[in-house]
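Tertiary structure, described
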Amino acid sequence: MENKIDWVSLLLYLAILLFGWLNIYAACYDEAHSAVFDFSTRHGKQLIWIGVSLVLALVITLIEPNVFSSMAYLIYIVVIGLLVVVLFIGTVTKGGLSWIDFGPFKFQPAEFAKFATALALSKYMSSLDLDYRQLRTKLIAWSFILLPAAIIILQHDTGSALVFASFLLPMYREGMSPHILVFGLVAVVLFVLALLVNKFIIIGVLAAIALFYLFVWLNKRTRKHYVWVAALFLGCSLFTVSVDFAFDKVLQPHQRDRIYVLLGKTDDKSNTGYNVNQSKIAIGSGGLFGKGFLKGTITKADFVPEQETDFIFCTVGEEWGFVGSSLLILAYIGLLFRLIRLAERQYSKFSRFYGYSVASILFLHIFINIGMVLGLLPVIGIPLPFFSYGGSSLMAFTILLFIFLRQDQARTKLM
Amino acid sequence: MSNQYQERSAVVRIIFLAIGLIFIVRLAFLQLFDSDLRRQADSQALRHITQYPARGLIYDRNGELLVYNEAVYDLKVIPKMVKRLDTNMFCSVVGISRDEFDARMRKACKYSTYSASMFMKQISKEEYASWENHLYKFRGFYVQQRTLRVYDRPIAAHVLGYIGEVNDDEIKADSYYKQGDYIGKSGLELSYEEVLRGIKGDRIMHVDVHNREIGPYLNGAHDTLAVEGGNLYTTIDANLQEYAEGLMANKRGCIVAIEPSTGEVLTLVSAPCYDPNLLVGRVRGENYLKLQQDISKPLFNRALQAQYPPGSIFKVAQAMTALSLGVIEPGQGFPCDKSLVGCHNHPSARSVQEAIKMSCNPYFYYTYRRIIQQNKYKSIYKDSPYGLTVWDDYMHRFGFGQRLGIDLPNVRSGRIPDTAFYNKKYGEGRWAFSTIYSNSIGQGEVEVVPIQMANLACIVANRGYYITPHLVRYYGPDSTRNEEFYERHETGINPAYFEIAANGMYDVVHGAGGTAHRANIPDIDVCGKTGTAQNIGDDHSVFIAFAPKTNPKIAVAVYVENARGGGGYWAAPIASLVIEKYIRGEVTRKDVERMYREAAPCQKLPLPKTVKKKKK
């Protein structure tokens, strides 16, 4: 006996989808092409993608739920294959080599790598007799994640590759040491500080913290403490010193610029900083209730490049104001909370891990995308789930979500 | 096994929630607290296009249009937007040389490369029409319509005034004005600026990132229409004005004619006059400089700004004051004792009326002495200041020594000396009647502005009161009136005494021994009073008059500078011609008219040479 599909998630999904389409319509609105079903326009095309996505969602709910876990590795291998193919026959769009042409349509395999990896990793993590504490297990699990990420980096699509970091959360839920999350956070903080502050000051402060911890905080000190604190201090110091090297050698020039702009080290509103500055102007001019649908002066006048794709959120900010933007954020957070709740009620570990993966992938997209548009994060071009213009991403996100909703619907059958 | 680490779901939720809250707080900062972003958005996406209202028109008292507008075009340029310009073609179309183009372009670039600056000013409608069709080829250039003042009859320049571009102080003082706007600089253009200028309109266009217009912002919901300036309906009689200006040709001085019952100024001439068209358009700067440098001071409005000794016309006010104070009776006689003060040959006056007719200087010496020395104090050094204070008060009732509230700018007050003035000049207790007696005959320290002289004629014509002289009857779409121009200013002197003055002034023109028979017009009872004001250089010739004697229709003051022969010889006949022209509509005494029109009484001064506007 199967349950009904989770209608809370479904309604939030549909609401975000509809609101997203309205904003795409506004962002590429011009009086000459205002017809809703004008398929030469982007809003018209998005309508097709929405239709296709809904059909996909329906199809997924009709498939036997255990097909996904049994097909997980196969899907993963196929997508990895596609990613490799892109490296050879892909077309270059906006600096990224990540598209395959299918006649009039273009298809971005990286979008599909997300749910494929989620499926494969869930499958692996839910294998019977798996001991997560074994190094071998960890290595295999990380390989599942890093393989597609590495290929995507080769396609110069750093943003999409970054999304694979979202698997940290489901792994954490299943027992990964929380230290890894803390380390990650410390690394980001140190990275930013190293770019802004003199490195000797940072190392001095780190030393002060270490000494304080050892001789003031701790009542009893063992040798183990000394070793650990010394190791951590050395590690952090080395990391700090090597930030410049990493920054100069590993990152691309445009990535360095974006980070500098974000940190306020360069104030270049006409070049690198232009997008974010215009985006802030558009959002800021929205005020409490916004200028109203189709009335955004910045939106309509093409001041923000990429407005219907990565910068779609500033249309919300301008036309729907603080109230509309906050409601959208709350809708996203609501959907994420709902997904965590659904994941926790799964009986199978596969479903639960997959559910966490879905929530985490969506979260990282929302975090990076809105953070960028609000000028809190460097410019990283990834779409806002269910919202940005684009067929590949919308279909991939829909598949990602509905596979989980299908698992949830059949949770009593999947033990 | 499966639900190990379940508590970790809370950590995940907290991470999600924290990020959501951070975003909402950030949104609040951007959208609710940073008004600068809204301003930036508007400044880059909206373009305000000012709609200039047509300036109000000016009519004369008979509904004749004196001043109207003509469209001209300013060619403006935004240097940054000039792209692929065929400079040679541009120069030949617009009609400038290559060098001139370069110079103008440099100047524009120096001002700003991103915002519009003036390239060529005030291009006529015809000129613009000849190359309007080419304008689309010149990216970065556009025209803005402006209006210029046009005067069909070259009269009343001093009354109408002129407009000019606003200066920095005017922009600072009133936010209505922006660089390049026009503002009234003098005359009615200045005093009724707020009526005439109207209200600017604002059209807001939505522009895109390439500065192309997308369309009206919110379909024009925030646009405002320009409201045309209000018209002025003046009291000036254009025909009389033109006639009076003709009479003042080759002379320096002024004519002021007022309708006594209403205070409406019929004519206000300051000579030399100039053609108001000289101060319009591209020739304005050059002409203004020439007029300003001219030694005969054509820009100086003598009728309001010149402070002259009034001469004998002042005696009328002295007689009224003395009668009102009771220090003389209407039948008072005084001997013409030339040892006191010089006089011309005439029999002694036996009454006030005769004294006015003969303009006897000793008579008014005695009269003034009775006003100043009222024997209230033993010491004449205390008695005279007392009398002077009383006299001061009376003079102010006649409108002397104070700015008359006329609706033209920069009117002067003249001077009625008071005790403080003499104390400063001679020291307290060191002056008395004998020091100041020249005031009695309109000499000495007394100074009067011609508009006040005409006002004195009005007071006698009205037998004791005046209404502030003014030039605008009503203005604007609602025909607004200035209430203060309906208020009677009473002298507080018995009208019967003014009847005596009127009789005396009638005798001046008509009686045996009168000083102004040249002002006699057949069938019109002109009452007048001559004056010959001494000063450095030749005497000024002065005459005030009103007519007819009962129910006067017009009061006139004529002042001719440095005109030998006295008030009766120059000013009186000119005044009579003005009166005849006004009352009868035409002048029958053609010989008198010709003679005074052509005569040049004063030392010849070169009249201004100015650039004539090119005839279209």
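Residues numbered from 1 in each chain as written. Chains lettered and ligands numbered in written order. Predicted model: local features only at pLDDT ≥ 70, side-chain atom pairs only at ≥ 80, totals over all residues.

1. Here we look at the pairing of strand β12 (residues 264–271) of chain B
Residues and elements named next belong to chain B.
- Burial analysis of β12 places eight of its eight residues in the buried class, which makes it a mostly covered element.
- Bridge analysis of strand β11 (residues 253–259) against β12 gives seven bridges, and the strand direction is antiparallel. Across the sheet, residue C254 finds its bridge partner in β12, namely S270.
- Joining the antiparallel neighbours β11 and β12 is a turn of four residues, in which G263 adopts a positive phi near 75 degrees. (Buried ≥ 20, exposed ≤ 12 C-beta atoms within 10 Å, placed from the backbone. Helix = DSSP H or I, 4+ residues; strand = E, 2+ residues; numbered from the N terminus. Pairing = 2+ DSSP bridges.)

2. Observations regarding the domain arrangement of chain A
- Domain boundaries assigned for chain A yield domain 1 (7–186 + 255–409) and domain 2 (197–251).
- A C-alpha centroid distance of 36 Å is found between domain 1 of chain A and domain 2 of chain A. (Domains from an automatic or database assignment.)

3. Some points on helix α11 (residues 253–262) of chain A
Residue and element names in this part refer to chain A.
- Of the positions making up α11, those classed as buried are R258, I259, V261 and L262. With its buried residues spanning 160 degrees around the axis, α11 presents them on a single face.
- Where the residues of α11 are buried, they touch α12 (274–284).
- Once α11 ends, the next one or two residues include G264, with phi positive near 75 degrees. (Arc of directions from axis to C-beta. Contact = placed C-beta atoms within 7 Å.)

4. Section: the pairing of strand β17 (residues 540–547) of chain B
Residue and element names in this part refer to chain B.
- Counting buried residues along β17, eight of its eight residues qualify, which places the element largely inside the surrounding structure.
- Of the two faces of β17, the one lined by H540, V542, I544 and F546 and the one lined by S541, F543, A545 and A547 are each fully buried.
- Once β17 ends, the chain turns through six residues before running back antiparallel as strand β18 (residues 554–560), passing N551 with a positive phi of about 50 degrees.

5. Considerations on helix α22 (residues 571–584) of chain B
Residues and elements named next belong to chain B.
- When the terminal C-alpha atoms of α22 are compared, their 20 Å separation across 14 residues agrees well with the 20 Å that a helix rising 1.5 Å per residue should span.
- The element α22 is extensively covered by neighbouring structure, given that twelve of its 14 residues are classed as buried.
- Of all the positions in α22, only A571, A572, P573, I574, A575, S576, L577, V578, I579, E580, K581 and Y582 are classed as buried.
- Count one or two residues on from α22 and you reach G585, which has phi positive near 90 degrees. (Expected span 1.5 Å × (residues − 1).)

6. Looking at the interface of chain B and chain A
- The partner chain A presents 39 residues to the 35 residues of chain B that form the contact.
- Sorting the residues of the side of chain B that touches chain A by element identifies α1 (8–33), α2 (35–45) and β8 (201–207) of chain B as the ones contributing at least two each.
- Examining the composition of the side of chain B that touches chain A, we find that 16 residues originate from one element, α1 of chain B, more than from any other.
- Across the side of chain B that touches chain A, the residue classes break down as 20 nonpolar, nine polar and six charged. (Nonpolar A, V, L, I, M, F, W, Y, C, P; charged D, E, K, R; others polar.)

7. Focus on the packing of helix α10 (residues 238–247) of chain B against α22 of chain B
All names here are of chain B.
- Look at α10 against α22: their axes get within 10 Å of each other, and the N-to-C directions meet at 160 degrees. One element, α10, and the other, α22, form an angle in the roughly antiparallel class. In the packing of α10 onto α22, the handedness of the crossing is right-handed. Counting all contacts with α10, which are made through L240, Y243, A244 and L247, the residues of α22 involved are I574, L577, V578, K581 and Y582.
- Broken down by class, the residue content of the contact of α10 with α22 amounts to eight nonpolar, no polar and one charged. (Axes fitted to C-alpha atoms, helices over the stretch in contact; angles between N-to-C directions. Parallel < 35°, antiparallel > 145°, perpendicular 65-115°, else oblique. Left-handed = near helix turned anticlockwise from the far one by under 90°.)

8. Concerning the sheet that holds β18 of chain B
Residue and element names in this part refer to chain B.
- Overall, antiparallel pairing links the five strands, which are arranged β12-β11-β18-β17-β16 in an open sheet. In the strand order of this sheet, the two ends are held by β12 and β16 (527–533), each with one partner. Averaged over neighbouring strand pairs, the angle between their axes works out to 5 degrees when direction is ignored.
- Pairing geometry for β16 and β17, over seven bridges, is antiparallel. Bridge assignment links C527 to a residue of β17, and that residue is F546.
- The strands touched by α22 within the sheet are β11, β12, β16, β17 and β18, with β18 carrying the most contacts at an inclination of about 145 degrees.

9. Examining the sheet that holds strand β9 (residues 213–216) of chain B
All names here are of chain B.
- One open sheet accounts for three strands, arranged β1-β8-β9; its pairing is antiparallel. At either margin of the open sheet sits one strand with a lone partner, and together these are β1 (46–51) and β9. Adjacent strand axes in the sheet meet at a mean angle of 35 degrees when their direction is disregarded.
- Bridge count for β8 against β9 is three bridges, and the pairing is antiparallel. Residue pairing for β9: M205 is matched across the bridge by P216.

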